[in-house]
Protein chains: 2
Amino acid sequence: MVTIKEVAEEAGVSVATVSRVINQNGYVSEETLEKVKSVIDKLNYKPNSIARSLYHKTSNMIGLIIPDITNPFFPELARAVEDVAMMYGFKVVLCNSDQNPEKEMKYLDLFKEKYVDGIIFTTQSQESTVYSDLNVPIVALDRIGDTTIPSVVSNNYKGAKKATELLLQKGVKNIAHIRGPKNIAPSEARYHGFIDAVEGKGVNYTISEAEFQLKDAERKAEQFFETHTGIDGIFCSNDTIAAGFLKVALKKGIKVPEDLQIVGFDGSFFGEFIYPELTTVSQPIYDMGAVATRLLIKIIQGNQPEKLLYEMPTTIIERGTTR
Amino acid sequence: MVTIKEVAEEAGVSVATVSRVINQNGYVSEETLEKVKSVIDKLNYKPNSIARSLYHKTSNMIGLIIPDITNPFFPELARAVEDVAMMYGFKVVLCNSDQNPEKEMKYLDLFKEKYVDGIIFTTQSQESTVYSDLNVPIVALDRIGDTTIPSVVSNNYKGAKKATELLLQKGVKNIAHIRGPKNIAPSEARYHGFIDAVEGKGVNYTISEAEFQLKDAERKAEQFFETHTGIDGIFCSNDTIAAGFLKVALKKGIKVPEDLQIVGFDGSFFGEFIYPELTTVSQPIYDMGAVATRLLIKIIQGNQPEKLLYEMPTTIIERGTTR
């Protein structure tokens, strides 16, 4: 491996001068610049990037904090972040926080010490000052954070409203919404979308709640079908809840979509693995990850974000669980 | 932020001495050692980890090269790698190679330059010398690489044999195996497990092939059910293929498990999302990732691996697609 010292000797200049050339920092005469560059080429010298990052305090690394990569929403997001990062020469450090504030803090500390150039986070376990105090570019994804932090989200409210209206158009008379956890912003927005589509429309509706998790959704579905009769349409707050309700309905011999129509939210890949295939509100998951990463890199490169909230449109995918 | 210079001044020693204390490298008198340590505590000095990694040529980073995080097998694996790495103070850099040799090479080059401490890879696009020339600890996961590279795999052959025998025990008379791609080692091993369970047993069997991918599996299933009649049991090379065959069977009105029994392989989470739930050969995906990471860290810490092949047992999970 060629060292910076060998380059300096061969070029007849000091190590500091070679360093200035590599880092494009400080004065070097045109003549010296040419000389050093030609020696670098000749010896095929590759500047050590860790040394460079010590100098520049940059690492070409992006930290990605997500709750859990095994939650079906996040692999596609992580994939998008990595694809775009790679395109711009950045690498991605993956962190699963389990929405645990201590674990998240541990990562944030690690990131400060290691000079990641920026952070994308999809959890929001800390006071918003914790993020702004990091002194590192940061973008929030799928969670509206503090109004000072640029955020990329999909239009949860509109998507939910459209999904509910679709069910009503398809003849649903007794509609239910299975909402997600109250402390999660997208779940809250979807609830309001549902409410605004049914209120004052003379529609019978009912609200239940489930975690974004299959086993809990199945338990809630068992209870739901025991205590509710005549429900002919359900809008679920995400695809996992929808999968749980569909399974239990099929198990009970309820015909889907003939007697019961179901719509989920997310557009997770597994919606196509089940039969009947799940009708869902598709979030542009990959695009959201890509936009957030591009935005973060722009900020890292010293540009101001044009706006603080990037809201991406959702699309309804009609498949087998609606008529 | 306290600097090493301030620590040196406060302790009345040179920066080089403080550096020797931090890096536990070179002679420092007992007295000076105590003095410097107490100043470090007093000023709450945190040695810069990038500077440390330049010195030690370590970064506390592990590179994880997988084909694609959106392939349902890999999120759980990545999660395990990250959990164990975190436990030992390592961070994980995620890389999706798409099994593309050029993309993989680009990552390997990046890793060399950035001093990752070790690499876990699940793809195998290069000549094995490429990996051994890296001069960095390396562990192969789910792919048996060169015999000089430590590998963690599950027992694909045995799992496939057990799955086939299960179908025969459950009364299957005309059995099919949908094998995976020929160039993927686990798919090959599962094929041999199937063959050894049926050959010489007086059983009618047939072999078809599909990619590990839903759309292709559905296409192949359409063709399969048109050209084969009387098949009452199918062992699929993975869960994605099984999901495709199950969907098409249900669409055609074939009763599962009454008239057709299906077994997959992997134990992917989505096996529980579909109805009937998928019977499958479960690989200990999380454990495989954890063992590989622990093994890699041991090697990074200077220990020799006890053996080169870690083969983990599979388990059959009987669910709704078998009787």
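These lines cover the structure that appears in this document, whether it is placed above or below. (Residues numbered from 1 in each chain as written. Chains lettered and ligands numbered in written order. Predicted model: local features only at pLDDT ≥ 70, side-chain atom pairs only at ≥ 80, totals over all residues. Heavy atoms only, no water.)

**Observations concerning the overall build of chain A**
If you tally the helices and strands in chain A, you get 12 helices and 12 strands. Expected size for 323 residues packed as a compact globule is a radius of gyration near 20 Å; at 26 Å, chain A overshoots this value by more than 25%. Projecting the C-alpha coordinates of chain A onto the three principal axes gives extents of approximately 90 × 35 × 30 Å. Scored against the burial criterion, the 323 residues of chain A give a buried share of 54%. A separation of at least 24 residues holds for 70% of the contacts in chain A among residues at least 6 apart in sequence. Accessible surface, chain A: about 13900 Å² in total, of which carbon and sulfur atoms supply 49%. In chain A, 36 side chains carry a positive charge and 42 a negative one; their mean positions are 1 Å apart. (Helix = DSSP H or I, 4+ residues; strand = E, 2+ residues; numbered from the N terminus. Rg over C-alpha atoms; globule rule 2.2 N^0.38 Å. Buried < 20%, exposed > 50% of the residue type's maximum accessible area, 1.4 Å probe, protein only. Contact = heavy atoms within 4.5 Å. Areas by Shrake-Rupley, 256 points an atom, 1.4 Å probe, with all protein chains shown as cover. Lys, Arg positive; Asp, Glu negative; His and termini not counted. Charge placed at Lys NZ, Arg CZ, Asp CG, Glu CD.)

**Some points on the nonpolar core**
Counting 52 residues, the largest nonpolar core has Leu64(A), Val152(A), Leu64(B) and Val152(B) as the members making the most contacts within it. Apart from the residues within four sequence positions on either side, Leu64(A) is in contact with Ala78(A), Val81(A), Val92(A), Val93(A), Leu94(A), Cys95(A) and Ile120(A). Within the second largest apolar cluster, 50 residues are counted, among which are Ala221(A), Leu246(B), Ala249(B) and Ile274(B). (Core = buried A, V, L, I, M, F, W, Y, C linked by side-chain atoms within 4.5 Å.)

**Section: the pairing of strand 3 (residues 118-121) of chain A**
Residue and element names in this part refer to chain A. Side chains Gly118 and Ile120 of strand 3 all project onto a buried face; the interleaved residues Ile119 and Phe121 project onto the opposite face, where all are buried too. Two elements, strand 1 (residues 61-66) and strand 3, share 4 bridges in a ladder whose sense is parallel. What sits directly across from Ile65, in strand 3, is Phe121. (Pairing = 2+ DSSP bridges.)

**Details of the pairing of strand 11 (residues 309-312) of chain A**
On a regular strand, each side chain points to the face opposite its neighbour's, so the side chains alternate between the two faces of the sheet. Residue and element names in this part refer to chain A. Burial along strand 11 is one-sided: Tyr310 and Met312 are buried, and none of Leu309 and Glu311, which face the opposite way, are. Here strand 5 (residues 151-154) pairs with strand 11 via 4 bridges, running parallel. From the neighbouring strand, Val153 faces strand 11, where its bridge partner is Glu311.

**A short note on the packing of aromatic side chains**
In this structure the tally under the stated criterion is 21 aromatic pairs over all chains. With a centroid separation of 5.9 Å and 90° between ring planes, the pair formed by Phe269(A) and Phe269(B) is classed as edge-to-face. Here Phe269(A) is found in the loop between strand 9 (261-266) and strand 10 (279-282), whereas its partner Phe269(B) is found in the loop between strand 9 (261-266) and strand 10 (279-282) on a different chain. Using a relative accessible area of 26% as the deciding quantity, one classes Phe269(B) as partly exposed. Each ring, one from Phe224(B) and one from Phe225(B), has its centre 5.6 Å from the other, and the planes form 85°; the classification is edge-to-face. (Phe/Tyr/Trp six-rings, centres within 6.5 Å; stacked < 30°, edge-to-face > 60°.)

**Points about the sheet that holds strand 4 (residues 138-141) of chain B**
Pairing is mixed in the open sheet, where 12 strands are placed in the order 11(A)-5(A)-4(A)-3(A)-1(A)-2(A)-2(B)-1(B)-3(B)-4(B)-5(B)-11(B). Where the open sheet ends on each side, the last strands, each with one partner, are strand 11 of chain A together with strand 11 (309-312) of chain B. Looking at each pair of strands side by side, their axes are set apart by 20° on average, direction ignored. Two strands pair when backbone bridges link them, and strand 3 (residues 118-121) of chain B and strand 4 of chain B are joined in this way by 3 bridges, in the parallel orientation. Along strand 4 of chain B, the bridge assignment pairs Phe121(B) with Ala140(B). Most of the contacts of helix 5 (residues 74-87) of chain A go to strand 2 (residues 91-96) of chain B, to which it runs at about 85°, and overall it touches strand 1, strand 2 (91-96), strand 3 and strand 4 (138-141) of chain A together with strand 2 of chain B. Across the sheet, helix 12 (residues 285-300) of chain A is in contact with strand 1, strand 3, strand 4, strand 5 and strand 11 of chain A; its angle to strand 4 of chain A comes to roughly 165°. (Axes fitted to C-alpha atoms, helices over the stretch in contact; angles between N-to-C directions.)

**A closer look at the side chain of Lys247(B)**
Among the structural elements, Lys247(B) can be located in helix 11 (residues 239-251). Look past the residues within four positions of Lys247(B) in its chain and what remains in contact with it is Glu272(A), Phe273(A), Ile274(A), Tyr275(A), Glu277(A), Leu214(B) and Glu218(B).

**Regarding the sheet that holds strand 12 (residues 315-317) of chain B**
Residue and element names in this part refer to chain B. Strands sit in the order 7-6-8-9-10-12 across an open sheet of 6 strands; the sheet is mixed. Because the sheet does not close on itself, it has two edges, and the strands there are strand 7 (204-209) and strand 12. Strand-to-strand twist in this sheet, taken as the mean axis angle between neighbours without regard to direction, amounts to 20°. With 6 bridges connecting them, strand 6 (residues 174-179) and strand 7 associate as parallel partners. Residue pairing in the sheet places Asn174 in a bridge with Asn204 of strand 7. Helix 8 (residues 156-169) rests against strand 6, strand 8 (233-236), strand 9, strand 10 and strand 12 of the sheet, and its axis sits at about 165° to strand 9. The strands touched by helix 10 (residues 214-227) within the sheet are strand 6, strand 7 and strand 8, with strand 7 carrying the most contacts at an inclination of about 150°.

**Comments concerning unusual backbone geometry**
A negative phi holds for most residues other than glycine; trans holds for most peptide bonds. Residue and element names in this part refer to chain B. Looking along the chain, the bond that leaves Val256 and enters Pro257 is cis, with omega of 10°. Summarising the element assignment, Pro257 is placed in the loop between helix 11 and strand 9. The peptide bond linking Tyr275 to Pro276 adopts the cis configuration, its omega dihedral lying at -5°. Checked against the element boundaries, Pro276 lands in the loop between strand 9 and strand 10. Although it is not a glycine, Asp266 adopts a positive phi angle of roughly 135°. By secondary structure assignment, the location of Asp266 is in strand 9. Residue classification places Asp266 among the buried residues on the basis of a relative accessible area of 7%.

**Notes on the state of the cysteines**
Disulfide: a covalent bond formed between the sulfur atoms of two cysteine residues. Enumeration over the complete set of coordinates arrives at 0 disulfides over all chains. In this model Cys95(B) remains outside any disulfide bridge; the closest cysteine sulfur is found in Cys95(A), 14 Å from its own. (Disulfide = S-S within 2.5 Å.)

**Examining helix 10 of chain B**
All names here are of chain B. The first and last C-alpha atoms of helix 10 sit 20 Å apart over 14 residues, in line with the 20 Å expected at 1.5 Å per residue. Turning to helix 10, its buried residues are Leu214, Asp216, Ala217, Glu218, Ala221, Phe224 and Phe225. On its buried face, helix 10 sits against strand 6, strand 7, strand 8 and helix 11. (Expected span 1.5 Å × (residues − 1).)

**Focus on the pattern of salt bridges**
All names here are of chain A. Under the defined criterion, the tally for this structure stands at 35 salt bridges over all chains. For Glu318, the salt bridge is made with Lys170, and the minimal N-O distance between the two is 2.9 Å. Taken together, the residues span a long stretch of sequence, with Glu318 in the segment after strand 12 (315-317) and Lys170 in the loop between helix 8 (156-169) and strand 6 (174-179) at a distance of 148 residues. For Glu318, a relative accessible area of 46% translates into the label partly exposed. (Salt bridge = Lys/Arg side-chain N within 4 Å of Asp/Glu carboxyl O.)

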